[in-house]
Structure formats: C-alpha cells, structure tokens
Amino acid sequence: MTKTLHIIGGGMAGSEAAWQAANAGVPVVIHEMRPTVATFAHRTGHLAEMVCSNSFRSDDDEQNAVGLLHWEMRQANGLIMNTAQAHRLPAGGALAVDRDPFAADVTARIMAHPLITVEYGEINALPPEDQPTIIATGPLTSEGLGGAIAAETGQDALAFFDAIAPIVYHESINMDVAWMQSRYDKGETEEERTAYLNCPMTKDQYEAFIDALLAADKTEFHEGETAGYFDGCLPIEVMAERGRETLRFGPMKPVGLTNQHQPDVKPYAVVQLRRDNKLGTLYNIVGFQTKMKYGAQTAVLKTIPGLEDASFARLGGIHRNTFLNSPTLLDDQMRLKSQPHIRFAGQITGVEGYVESAAMGLLAGRMAAAEILGETLPAVPDTTAMGALLTHITGGAEAKTFQPMNVNFGLFPPVDAKGGRRNRKTRYKIYTDRAKADWAEWLGERESLAAE
C-alpha cells in the first residue's frame, strides 16, 4: 500500500505540493490550522490565500526570471499558475489575480481531488520517522511548530518582517486627478495598457508626503524582536529613512507615464494603484507596504493627490516572517539532513514571493512522491528557474549571510560569452531559451520514469 504524504500548511507551497504528489498517485493529507487558528495576516480559511499582494509579478517568460518560473510551472501542470490564469486581472505585463475567487478556486480543486484530504487544526510537533512530511507553513509558522523545528535544528530560526500594503475603494478615488495607464503603455490590449491607476505629485507635494511619512507613528516591535526586512518588501517609511529620494526611484518613480489631465506637466513622483479584484472596486497601492499605525496611516495616505477622500478596505500592517538557514540544514532534495523524512517547501526555505514559494512546493511534492513510489528523480538542471532557486537554497548561497531571495538571473549559471559582450535583452533571451529546453527535457525524463 502506498504511504500517505502529509503536508503541514495549505498556502501556495503546500497546495502546489499536494497537487503534484496526488497527480503522481500518492495519497496526501494537508494539515491547515486556519480557520481553527487565525493569523494576523489572513482573512479567510481558504487554501493559498494571498496576503501581501494580488500580483504574481511579471509574466514575461523571455526577459524576466519570474516570468520564466511561471512558464516552467505551467509546463508542469502547476495548480497555482493554472488557477491564476483563470482569475487573471489586467495588470500591464504582470500576472495579477482576483485574490478571493483565486483562493476559493484553489481550495475547491484541492477538495475535489480524490487523493487529497484536508484536516484542520494546529500541528505543534515534528512528525514520526515513518511519516513522510512536507512542512510548508510559510512566514507565519505557529509558535509550537517553530519551537519544535528550532529544537531539532539546534539553532534559532531567522526572522524578519513583511509589511502589507493598503487597499482602497475605487469609488473613493478622485479621477479628476488620477488617470489610468500602465508604465510605458505596456500590454497587448487597451485594458492591459490602462491597468494601473496613477496619482501624480509635484515636488512640493512629494516633499510634504516624505515629511509626513517620517513623522508618522509607527508600530513598535515587541521586546526581543529584531527588525530585519527583506529588501523586496520594505515598508515605505523604511525606504524613506534611507534617503528622501529613495521612494521616487522605487515604487513612486514617475517614468513611462503621461498625466492625461496635464500632458505637458511631468509629475515629480507618481503613486500607482493596481486593481485588486475582478469587479474593479478595490485597488491596492503598489509597493506601499507599511508599518504606520492605522490613524497615522490614513492621514498620510490622504495627502496623496487623488486619495484625499480615500476609503480603505484594508490598511497596511506588518507580520513576522520565519525561515531556515537552508544551505546548512537541507539537502539537495529539500530534506532536513537530521530527519530526512521531513522536507521543507515555500517561504520557510528562504525563497521570497508567491511564485517562488509555489515553485518550491511543486518540486517538494514531486520529490516526495518519487521517493514514496521508489523512484529516483533526475537532478533539476540549475540552468532552469526551478533549479537555480533550488541550488541557491540548498547550498548555492553563503550560509553565514543567507537571506530570502526572489528568483533572478544572477542565480543562473552564466551564459557562454562567445562573440563578445551581449546586451541585456539578448543575454536574458539566451537564459530563458536554455532554461525552457532544459526544463522540457527534465519533465520528459520524469514522465518516462513514471511510465516505467
């Protein structure tokens, strides 16, 4: 009788891992503590709930590493990517989704799979040796399980803080000030080219905004908490503290945009909002993760032109994020070296982002299923986005300075430089062409193995 694979955590990674393993013929039980045990960041009991943003970022599979990761996951019949496509919203060249229907659909597909069972309740201990398990508890690993992991690994879990961006009701935005346009008019359709809502600022307005931001009351950390942040998800006030122009060269950069109300006036800075649901009634403020207290947050955000009378469906906040020193603790199959019946997947391994988390769930699910079925998977090529991430967290990164990482071309083996130095566009296309060929070959080897 085939052993059952247990997966702790029903987020992006856990859901994808369950889908991949079950499709390989392995029975799966997902253990999810929500809604029995709530978290600060989650609002529903759905699996794969999107917390910080509704975007999977760039969908460009020729020039962008995360877009390439999208492509690889689709080729592997990835649950998360296929479901995201079904709930896609206009977002220029990005893949954004209607977050609640997306999570509800993932949950429905998981529940309908004949080999997957979902059990609700908190797990506070590591599994016994005869129970193959994937721990995919993400950034909000419960205190009990986190303590058990720390006790087993013999070191404190690393921790940093993620910040959540506010969401605004569209009807409360002043469209006499704001306008719809994707940066550089990016997108193949008019809907894509007008996917973002833009609020312009003059130099004086920007300076006043920075002053208000720096002076605002912030959430304080509890005693013993360290305030480390992942650079890809910095609160806006932390960015402002690094320099007054930091935001203007980050999420508030004014490039590639023309104010439809004043075409001849170039904005000094621009705040962008992206549609957060299919109805277009909710918009999240792009890159505006924040740890400001609610009262101060409302006051500061209403200084943004076009948001003077904004009504907020959700204000921003911060939450703890926990991850392993994976290069030290995990082998190349994402197994805990001291207890190899346990695999880890998702953000807890030290990848950052929805896509990266789901991708590591995809690999963990396939690896666990192969082991249960007595198969040996071929090594995942490090020339692929999947393999580059896997290599990074299981030995490619420097353990002493290990920090969460998004997928990027810097993780890939360099391309052959014959013929002289290539421009970036050409070089990235070589990376993605090579990755696609190698990923297709790896999937073909896996399918052949499964058919034997």
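Here, the structure is the one placed above.
Residues numbered from 1 in each chain as written. Predicted model: local features only at pLDDT ≥ 70, side-chain atom pairs only at ≥ 80, totals over all residues. Heavy atoms only, no water.

**A look at the overall build of the chain**
Secondary structure summary: the chain contains 13 helices and 17 strands in total. At 22 Å, the chain has a C-alpha radius of gyration in line with the 22 Å of a compact globule built from 452 residues. Expressed as lengths along the three principal axes of its C-alpha atoms, the size of the chain is roughly 70 × 55 × 45 Å. Relative to its 452 residues, the chain shows a buried fraction of 56%. Restricting the contact set of the chain to residue pairs at least 6 apart, pairs at least 24 apart contribute 71%. Total accessible area computed for the chain in this model is approximately 18,700 Å², and 51% of it derives from carbon and sulfur atoms. (Helix = DSSP H or I, 4+ residues; strand = E, 2+ residues; numbered from the N terminus. Rg over C-alpha atoms; globule rule 2.2 N^0.38 Å. Buried < 20%, exposed > 50% of the residue type's maximum accessible area, 1.4 Å probe, protein only. Contact = heavy atoms within 4.5 Å. Areas by Shrake-Rupley, 256 points an atom, 1.4 Å probe, with all protein chains shown as cover.)

**Remarks on unusual backbone geometry**
Notably, D185 is not glycine yet its phi reads approximately 55°, a positive angle. The partly exposed category is assigned to D185, whose relative accessible area is 42%. Of note, M334 is a non-glycine position whose phi angle comes to about 65°, a positive value. Locating M334 in the fold gives a position in the loop between helix 10 (326-329) and strand 16 (335-336). Since its relative accessible area comes to 0%, M334 is described here as buried.

**Focus: the pairing of strand 1 (residues 5-8)**
Neither face of strand 1 is left uncovered, since the one carrying L5 and I7 and the one carrying H6 and I8 both have all their residues buried. One ladder, built from four bridges, connects strand 1 with strand 2 (residues 28-32); its direction is parallel. In the sheet register, I8 faces strand 2, and the bridge partner there is H31. Taken together, strand 1, helix 1 (residues 12-23) and strand 2 form a β-α-β motif whose crossover is right-handed. (Pairing = 2+ DSSP bridges. Right-handed = clockwise from strand over helix to strand, strands pointing away.)

**A few points about the pattern of salt bridges**
Side chains carrying opposite charge are able to pair once their charged atoms draw close together. One pass over the full model with this rule turns up 18 salt bridges. R244 is the salt-bridge partner of E207, the closest N and O atoms lying 2.6 Å from each other. Of this pair, E207 sits in helix 7 (residues 203-215) while R244 sits in the loop between helix 8 (236-241) and strand 12 (269-275); the two residues are 37 residues apart in sequence, bridging distant segments of the chain. Residues D211 and R244 are paired through a salt bridge, measuring 2.9 Å at the closest nitrogen-oxygen approach. Linking D211 in helix 7 with R244 in the loop between helix 8 and strand 12, this pair joins segments that are 33 residues apart in sequence. With a relative accessible area of 42%, D211 lands in the partly exposed category. In this structure, a network of salt bridges that share partners links the residues K203, E207, D211 and R244. (Salt bridge = Lys/Arg side-chain N within 4 Å of Asp/Glu carboxyl O.)

**Details of helix 7**
With 13 residues, helix 7 ought to run about 18 Å at 1.5 Å a step, and its terminal C-alpha atoms sit 18 Å apart, in line with that. Within the sequence span of helix 7, burial applies to Y206, F209, I210 and L213. All buried residues of helix 7 project into a common sector of 100° when viewed along the axis, lining one side. Away from its buried face, by an angle of more than 90 degrees, helix 7 presents the exposed residues D204 and A215. Residues of helix 7 that are buried in the fold lie against strand 11 (196-201), helix 8, strand 12 and helix 9 (294-301). (Expected span 1.5 Å × (residues − 1). Arc of directions from axis to C-beta.)

**A look at the sheet that holds strand 5 (residues 94-97)**
The sheet built from three strands is open, its strands ordered 3-5-4 with antiparallel pairing. The outermost strands of the open sheet, each flanked by one partner alone, are strand 3 (55-58) and strand 4 (88-89). Helix 2 (residues 65-75) contacts strand 3, strand 4 and strand 5 of the sheet and is inclined by roughly 115° relative to strand 3. (Axes fitted to C-alpha atoms, helices over the stretch in contact; angles between N-to-C directions.)

**A few points about the sheet that holds strand 13 (residues 282-285)**
Strand order across the open sheet formed by six strands is 10-11-12-13-9-14, with antiparallel pairing between neighbours. For this open sheet the edge positions go to strand 10 (179-180) and strand 14 (312-314), each flanked by a neighbour on one side alone.

**A closer look at the pairing of strand 12**
The buried fraction of strand 12 amounts to seven of the seven residues, a majority that puts the element mostly inside the structure. The pairing of strand 12 with strand 13 spans three bridges and is classified as antiparallel. The residue of strand 13 that forms the bridge with L273 is I285.

**Observations concerning the side chain of T384**
Following the sequence through the fold, T384 ends up in the loop between helix 11 (354-372) and helix 12 (385-396). The exposure class of T384 is buried, given its relative accessible area of 0%. Separated by 2.7 Å, the side chain of T384 and the backbone oxygen of P381 make a polar contact. Apart from residues no more than four positions distant in its own chain, T384 is found in contact with E72, F412, A435, D438 and W439. (Polar contact = N/O pair within 3.5 Å; in protein donor to acceptor, adjacent residues only side chain to side chain.)

**Remarks on the packing of helix 3 (residues 79-86) against helix 4 (residues 99-112)**
Between helix 3 and helix 4, whose axes approach to 9 Å, the crossing angle comes to 130°. Here helix 3 lies oblique to helix 4, going by the angle between them. The crossing of helix 3 and helix 4 is right-handed. Here helix 3 contributes L79, I80, N82, T83, A84 and A86 to the contact with helix 4, which in turn contributes F102, D105, V106, R109 and I110. Among the residues forming the contact of helix 3 with helix 4, the class breakdown is seven nonpolar, two polar and two charged. (Parallel < 35°, antiparallel > 145°, perpendicular 65-115°, else oblique. Left-handed = near helix turned anticlockwise from the far one by under 90°. Nonpolar A, V, L, I, M, F, W, Y, C, P; charged D, E, K, R; others polar.)

**Things to note about the environment of P404**
Position of P404 relative to the elements: it lies in the loop between helix 12 and helix 13 (424-451). For P404, a relative accessible area of 5% puts it in the buried group. The sequence separation of P404 and T349 amounts to 55 residues, and the corresponding C-alpha distance is 8.2 Å.

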